[in-house]
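# Structural features, examined
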Amino acid sequence: MLLDGRKTADTLNEALKVKVEQLTKKPKLEIILIGNDEASKSYVKGKLNTASNLGMEVHINYLDEAIDQVSVEALIQKLNTDKDVHGILLQLPIPKHLDSDHLISLIDYKKDVDGFHTMNQGLLFQKKDGIRPATPLGIMMLLDFYNIPIEGKHVVIIGRSQIVGAPLSKMFLDRNATVTITHSKTKNLPSITKQADILVAAIGKPKFVTKDMVKVGAVVIDVGINRVDKKLVGDVDFEHVEPIASYITPVPKGVGPMTICALAHNLYALYLKQEKE
Ligand code: NAD
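From a predicted model like this one, the values you see are computed outputs, not experimental measurements.

Cut-offs used in this document
Residues numbered from 1 in each chain as written. Predicted model: local features only at pLDDT ≥ 70, side-chain atom pairs only at ≥ 80, totals over all residues. Heavy atoms only, no water. Salt bridge = Lys/Arg side-chain N within 4 Å of Asp/Glu carboxyl O. Helix = DSSP H or I, 4+ residues; strand = E, 2+ residues; numbered from the N terminus. Buried < 20%, exposed > 50% of the residue type's maximum accessible area, 1.4 Å probe, protein only. Pairing = 2+ DSSP bridges. Axes fitted to C-alpha atoms, helices over the stretch in contact; angles between N-to-C directions. Contact = heavy atoms within 4.5 Å. Near = heavy atom within 4 Å. Polar contact = N/O pair within 3.5 Å; in protein donor to acceptor, adjacent residues only side chain to side chain. Areas by Shrake-Rupley, 256 points an atom, 1.4 Å probe, with all protein chains shown as cover. Nonpolar A, V, L, I, M, F, W, Y, C, P; charged D, E, K, R; others polar. Core = buried A, V, L, I, M, F, W, Y, C linked by side-chain atoms within 4.5 Å. Domains from an automatic or database assignment. Parallel < 35°, antiparallel > 145°, perpendicular 65-115°, else oblique.

Next up on the list: the pattern of salt bridges. When charged atoms on two side chains of opposite charge get close, those side chains can pair. All told, the structure shown has 9 salt bridges when counted by the stated rule. Lys41 is paired through a salt bridge with Glu38; the nearest N and O atoms lie 3.4 Å apart. Here Lys41 pairs with Glu38, and both are found in helix 2 (residues 38-53), just 3 residues apart, close to one helical turn. For the salt bridge of Asp174 with Lys170, the shortest nitrogen-to-oxygen distance reads 2.7 Å. A residue is classified by how much of its surface remains accessible, and Asp174, at 21% relative accessible area, is partly exposed.

Structure, rendered in structure tokens:
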């Protein structure tokens, strides 16, 4: 069965829209977009459209590819102190001459809508209230929407990035799953992925997960977004895996819309904390 991220996000966003309508002010998101990366531009457009439809305010700071570190730092400091701004998002990747880790560390963690700040990652790893990274949060929201049990399940995650694999593993652990994280140095990967009740692919390699790597009846979550011949392709060989999976996310319209949905929920949560309504 298809885990329809588009429909799920639409349903959850509709409920969020009602809550946003009741606020005295509009939650405001500031996005910093540096350079001309086409994929980044399209992700930012998606975030802008969704948040605007929900009655939130979004302002995009378009910065030149050649901008220097100090100027971006100054912009972040300015947004940190602006009381009308509830969330700040630095769209990644950024040009190589800039220090993304340092820039993220400068964002006030109380406005860190992406949940990438060390403080929010620390709160996650201590199981405390904080902003969770949008893609892992969106995946949990999708599984919950379909009432897919997590407790006691063996979850295998391929990929250990700070934005997907690593935080997601902790979120599954906190839901009492047994979690295995695999990565580029893992030996005998198929023997491990075959054990998964829930298999998450976050690698960035088109159709990497083939049918022989998946247990019959597994839930398969495909995070990958790869552009092949101008088409979007996931990390899972959907055509051959779909018949044996109990549930599977498509690409596009799977994890992508859920990431944006989670981001909007994060902005709403940040607004409530800052405005104390
Ligand atoms: P990343 O490059 O930071 O990490 C990739 C991970 O894959 C690494 O941990 C690496 O060890 C692992 N890996 C690479 N080759 C491997 C191999 N042969 N065997 C096992 N593991 C291997 O990537 P990321 O930022 O985590 O993103 C992963 C994918 O998810 C990309 O396609 C990205 O575009 C996509 N993505 C999608 C969303 C969304 O909203 N749908 C959000 C974030 C990322």
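A word on the pairing of strand 2 (residues 57-63). One ladder, built from 7 bridges, connects strand 1 (residues 28-34) with strand 2; its direction is parallel. Counted as the bridge partner of Ile32 is Asn61 from strand 2.

Ordered by their spatial adjacency, 3 strands build an open sheet running 2-1-3, and the pairing between neighbours is parallel. Every interior strand has two partners, whereas the edge strands, strand 2 and strand 3 (87-90), have only one. Across the sheet, the axes of successive neighbouring strands diverge by a mean angle of 15°, strand direction being ignored. Against the sheet, helix 3 (residues 69-81) makes contact with strand 1, strand 2 and strand 3, and its axis sits at roughly 180° relative to strand 1, the strand it touches most.

Neighbouring the ligand are 22 residues, the closest being Arg160, Ser161, Ser184, Val223 and Thr259. Ser184 has a polar backbone atom sitting 3.0 Å from an oxygen atom of the ligand. Contact with the protein chains covers 73% of the free accessible surface of the ligand, which is 860 Å². Take the shell around the ligand: its biggest share by element is 3 residues, from helix 10 (residues 255-275). Per-class residue counts for the shell around the ligand are 10 nonpolar, 10 polar and 2 charged.

As a further point, take the environment of Pro243. Residue placement: Pro243 occurs in the loop between helix 9 (238-241) and strand 10 (247-248). For the pair Pro243 and Gly217, spaced 26 residues apart in the sequence, the C-alpha separation amounts to 9.2 Å.

Let's shift gears to the side chain of Asn266. Here Asn266 lies in helix 10. You can call Asn266 buried: its relative accessible area is 5%. A polar contact of 3.0 Å, which involves the side chain of Asn266, links it to the backbone oxygen of Val113. Residues within four places of Asn266 in sequence aside, it is in contact with Val113, Ile131, Arg132, Ala134 and Leu137.

Below, the discussion takes up helix 7 (residues 165-173). Most of helix 7 is tucked away: 8 of the 9 residues are buried. Within helix 7 the residues assigned to the buried category are Gly165, Ala166, Pro167, Leu168, Ser169, Lys170, Met171 and Phe172. Considering only its buried residues, helix 7 is in contact with helix 5 (118-125), helix 6 (134-145), strand 4 (154-158), strand 5 (178-182) and strand 6 (198-201).

Let us look at the nonpolar core. If you look at the biggest cluster of nonpolar residues, it comprises 51 residues, and the most contacted ones within it are Met56, Leu143, Phe172, Val200, Ile221 and Val223. With 10 residues, the top contributor of residues to this core is helix 10. Among the domains, domain 1 (26-111) and domain 2 (134-256) are the pair contributing at least three residues each to this core.

Structurally, the protein chain comprises domain 1 (26-111) and domain 2 (134-256). The C-alpha centroid of domain 2 is placed 28 Å from the C-alpha centroid of domain 1.

Next up on the list: the environment of Arg175. Mapping Arg175 onto the fold places it in the loop between helix 7 and strand 5. C-alpha of Arg175 to C-alpha of Gly159: the two residues are 16 residues apart in sequence and 19 Å apart in space. Not counting chain neighbours up to four residues away, the residues in contact with Arg175 comprise Met140, Asp144, Ile150 and Glu151. Only 2.8 Å separates the side chain of Arg175 from the side chain of Asp144, close enough to count as a polar contact.

Our focus in this paragraph is the packing of helix 1 (residues 5-21) against helix 6. Closest axis-to-axis distance for the helix 1/helix 6 pair is 10 Å, and the angle between their directions is 90°. Between helix 1 and helix 6, the angle falls in the class roughly perpendicular. Mapping the contact onto sequence places Gly5, Thr8, Thr11 and Leu12 in helix 1 and Met141, Leu142 and Phe145 in helix 6. Its residues assigned to classes, the contact of helix 1 with helix 6 comprises 4 nonpolar, 3 polar and no charged.

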